Amino acid sequence: MPFPFFQKSKKPILARCHDDQVTKMRLKYNPYYHAMQSQRGTEITIDGRPAIMLASNDYLGLSFHPKVIEAACAATRKWGTSSTGARISNGSRAYHLELEEKLAAFLGREACHVHAAGYLSCVSAVACFAQKGDIILADKNNHSSLWDGTRLSHAQVERFSHNNTADLADLAESLPPATPKMFVAEGVYSMEGHIAALPALLDVADRYNTFNVIDDAHGFGVLGRQGRGTVDHFGLNDRVDVLCGSLSKSLSSTGGFIVGSRAVIEYLRTHSKQTIFSAALSPGQTAAAQAALEVLQTEPQHHERLWQNTRRYRDMLHSLKLDTWGSEAPAIPVVLGSKERVYRFWQALLEKGVFTVMSIAPAVPPGKDLIRTAISAQHTDEQLERIADAMAYAVKKL
């Protein structure tokens, strides 16, 4: 018996834990929850061996930027380690307001609210504004956090095929015209690396007077002017009611944000359980995000290097005849099609000192089992050469 702790139990819920096949599969392949012993930028130590990080969302490589580190340290020295409470009661601080004002101004919105987790921002962006009796039109490939928000809203859910304008149009046309509707999609899909076809999708959605919600966690800092994101990339700022995102990707911190009109943000602060009952973002993480936002606007070389690395890496994968699922972003999957092939490829890369992440069904559609990789501005030319060698080795071994 390979996992002796999977034993029968008389307690039904405990038995469910013991018998879970997904957990058994995770333990069989063991690609998750690996603790790194050290990290410096894209260089890590894992299982006692040096490796290149090729699965981080630190797209601009700012997590080790001196200005970002110093800002986090200075804020912690001044304010302590935590606000120790929710924003609605005892947890709101001047540094929260400062970050919110700067994010709102950067994104051309009236107001902003920051959460302690990007997940909370995505959940509340949907659950707070949709309610029972409404209809949500959602892309089938939306992130789990958006689906959780959808379920919590108790609204009727109608899914359209991923990035498919015609399917959205057919679906919307079949629904009662007077029922309030919400449109929910991502700007950049983190697993596929697809950029949403927002101009065409919003043309359809607007015909049905929808409340438009876009999660741009993986587009913010990557697309648009100075990294203002996917909505800015397409010039659609005035057509999106709620834009939510993450502070843990391009801003090299943790947490999330929602921007919109002042009325929308004040409604959120009054009605969103995820906002009302969650602790506030810590001083250090707030300051790190604000410093990264300033670097984003004053040091364009990070954005330029990110796209230079992305183009070089994608070309390298294509030269090896690897399927990248049509990725257009720095998040680039390597689709291999089965759990066993993905595991062998992941293991071969690790043998060569390149750390990636496995993503297998049901996290992805059947037949789309993949290795998720992500490029950073901090990857050096020498590292990209090592990555190319590792990929060639994994292809041969497969």
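Cut-offs applied
- Sequence positions are assigned chain by chain, starting from 1 and proceeding in written order.
- Restriction of local features to residues with pLDDT of at least 70 applies here, the model being predicted, together with a cutoff of 80 or more for giving and counting side-chain atom pairs; totals for whole chains, interfaces and linings are based on all residues.
- Note that water and hydrogens are dropped before the side-chain values are worked out from all heavy atoms of the structure.
- Every helix listed is a DSSP run of H or I at least four residues long, and every strand listed is a run of E at least two residues long, numbered separately from the N terminus.
- Note that the radius of gyration is over C-alpha atoms, with the globule rule given as 2.2 Å times the number of residues to the power 0.38.
- Categorising residues by exposure relies on relative accessible area from a 1.4 Å probe, with only protein chains included: less than 20% of the type maximum marks a residue as buried, more than 50% marks it as exposed, and the intermediate range marks it as partly exposed.
- Any two residues whose heavy atoms approach within 4.5 Å are treated as being in contact.
- All accessible areas in this document rest on Shrake-Rupley with a 1.4 Å probe, and a residue is counted as covered only by the protein chains that are shown.
- Residues scored as charged are limited to Lys and Arg (positive) and Asp and Glu (negative), so that His and the chain ends carry no count.
- To locate a charge, the coordinates of NZ of Lys, CZ of Arg, CG of Asp or CD of Glu are taken.
- Residue ranges labeled as domains rest on an automatic or database domain assignment.
- Take the accessible area each of two parts loses on contact, using a 1.4 Å probe, and add the two losses: that sum is the buried area.
- Here a polar contact means two N or O atoms within 3.5 Å. Within protein one must be a hydrogen donor candidate and the other an acceptor candidate, and residues neighboring in sequence count only if both atoms are side-chain atoms.
- UniProt positions are given in the numbering used here, feature names are shortened, and annotations may be inferred rather than shown by experiment.
- Note: the arc covers the axis-to-C-beta directions of the helix.
- Here, a salt bridge means any side-chain nitrogen of Lys or Arg that lies within 4 Å of a carboxyl oxygen of Asp or Glu.
- Any two strands between which DSSP finds at least two bridges are classified as paired.
- Angles here are taken between N-to-C directions and fall from 0 to 180 degrees, while the axes themselves are lines fitted to C-alpha atoms, restricted in helices to the stretch in contact.
- Within this scheme, the nonpolar core is defined by two criteria: the residues are buried Ala, Val, Leu, Ile, Met, Phe, Trp, Tyr or Cys, and they are joined through side-chain atoms within 4.5 Å.

Colleague: Give a detailed account of the overall build of the protein chain, specifying residues and quantitative values.
Modeller: Each helix and strand counted, the protein chain has 16 helices and 14 strands in total. For the protein chain, whose C-alpha radius of gyration is 22 Å, the value lies close to the compact-globule estimate of 21 Å for 398 residues. Looking at the 398 residues of the protein chain, the share that counts as buried comes to 54%. Taking contacts inside the protein chain between residues at least 6 apart in sequence as the whole, the part at least 24 apart equals 69%. Accessible surface, the protein chain as shown: approximately 17,600 Å² in total, 54% of it carbon and sulfur. Across the protein chain, the 43 positively charged side chains and the 40 negatively charged ones have centroids separated by 7 Å.

Colleague: Hey, could you go over the domain arrangement of the protein chain for me, with residue numbers and the actual values?
Modeller: For the protein chain, the domain assignment lists domain 1 (23–53 + 300–397) and domain 2 (66–298). Each of domain 1 and domain 2 has a C-alpha centre, and the two are 27 Å apart. Where domain 1 abuts domain 2, roughly 1,200 Å² becomes buried across the two surfaces, and 61% of that area is made up of carbon and sulfur atoms. It is His303, Trp325 and Glu328 in domain 1 that bury the most area against domain 2; as a group they hold 34% of the surface buried on that side. The interface formed by domain 1 and domain 2 includes seven residue pairs in polar contact (both at pLDDT 80 or more).

Colleague: Pulling in residues and values, what's your account of the UniProt feature "domain: Aminotransferase class I/classII large" (unreviewed entry) in the protein chain?
Modeller: Residues annotated in UniProt with the feature "domain: Aminotransferase class I/classII large" (unreviewed entry) correspond here to residues 52–390. In this annotation, residues 52–390 is assigned 43% helix and 16% strand; the end-to-end C-alpha distance for the span is 11 Å.

Colleague: Can you tell me about helix α8 (residues 165–173), naming the residues and giving the values?
Modeller: Of all the residues in α8, the buried ones are Leu168, Ala169, Leu171 and Ala172. Buried residues along α8 cover an arc of 165° about the axis, so they all sit on one side. Away from its buried face, by an angle of more than 90 degrees, α8 presents the exposed residues Ala166, Asp170 and Glu173. For α8, the secondary structure elements touched by its buried residues are β5 (135–139), β6 (156–160), β7 (181–186) and α9 (198–207). Between a side-chain oxygen at the N-terminus of α8 and the backbone nitrogen of Ala166 the separation is 3.1 Å; the capping residue is Asn164.

Colleague: Explain unusual backbone geometry residue by residue, including any values.
Modeller: Omega for the bond connecting Ala361 with Pro362 falls within 30 degrees of zero, at 10°, which places this linkage in the cis form. Along the chain, Pro362 falls in the loop between β13 (357–359) and β14 (370–374). We note that Tyr33 has phi near 60°; this positive angle belongs to a residue other than glycine. In this fold, Tyr33 is placed in the loop between α2 (21–29) and β1 (36–40). Judged by its relative accessible area of 74%, Tyr33 is exposed. At Ser252, a residue that is not glycine, the phi angle is positive and equals roughly 55°. Mapped onto the secondary structure, Ser252 falls in the loop between β9 (242–246) and β10 (256–260). By relative accessible area, Ser252 is classed as buried at 13%.

Colleague: For the pattern of salt bridges, give the residues involved together with the corresponding values.
Modeller: By the definition in use, this model includes 16 salt bridges. Between Glu100 and Arg269 there is a salt bridge; the shortest N-O distance is 3.1 Å. Linking Glu100 in helix α5 (residues 94–106) with Arg269 in helix α11 (residues 262–271), this pair joins segments that are 169 residues apart in sequence. A single network of salt bridges, built from pairs that share partners, joins Arg87, Glu100, Glu266 and Arg269.

Colleague: Account for the sheet that holds β13, naming residues and giving values.
Modeller: If you walk across this open sheet you meet the three strands as β11-β14-β13, and the pairing is antiparallel. In this open sheet, the two edge strands, each paired with only one partner strand, are β11 (331–335) and β13. Neighbour-to-neighbour, the strand axes of this sheet turn through a mean angle of 35°, independent of strand direction. Here five bridges tie β11 to β14, and the two strands are oriented antiparallel to one another. From the neighbouring strand, Val334 faces β14, where its bridge partner is Ile371.

Colleague: Let's hear about the nonpolar core: which residues, and what values?
Modeller: Membership of the largest hydrophobic core comes to 91 residues, with the highest contact counts inside it found for Leu103 and Met391. A domain split of this core shows at least three residues from each of domain 1 (23–53 + 300–397) and domain 2 (66–298). With near-sequence residues (within four places) excluded, Met391 lies in contact with Leu54, Tyr313, Met316, Leu317, Leu320, Leu322, Phe345, Leu349 and Thr373. With 21 residues, the next largest nonpolar core counts Phe129, Leu146, Val242 and Ile258 among its residues.

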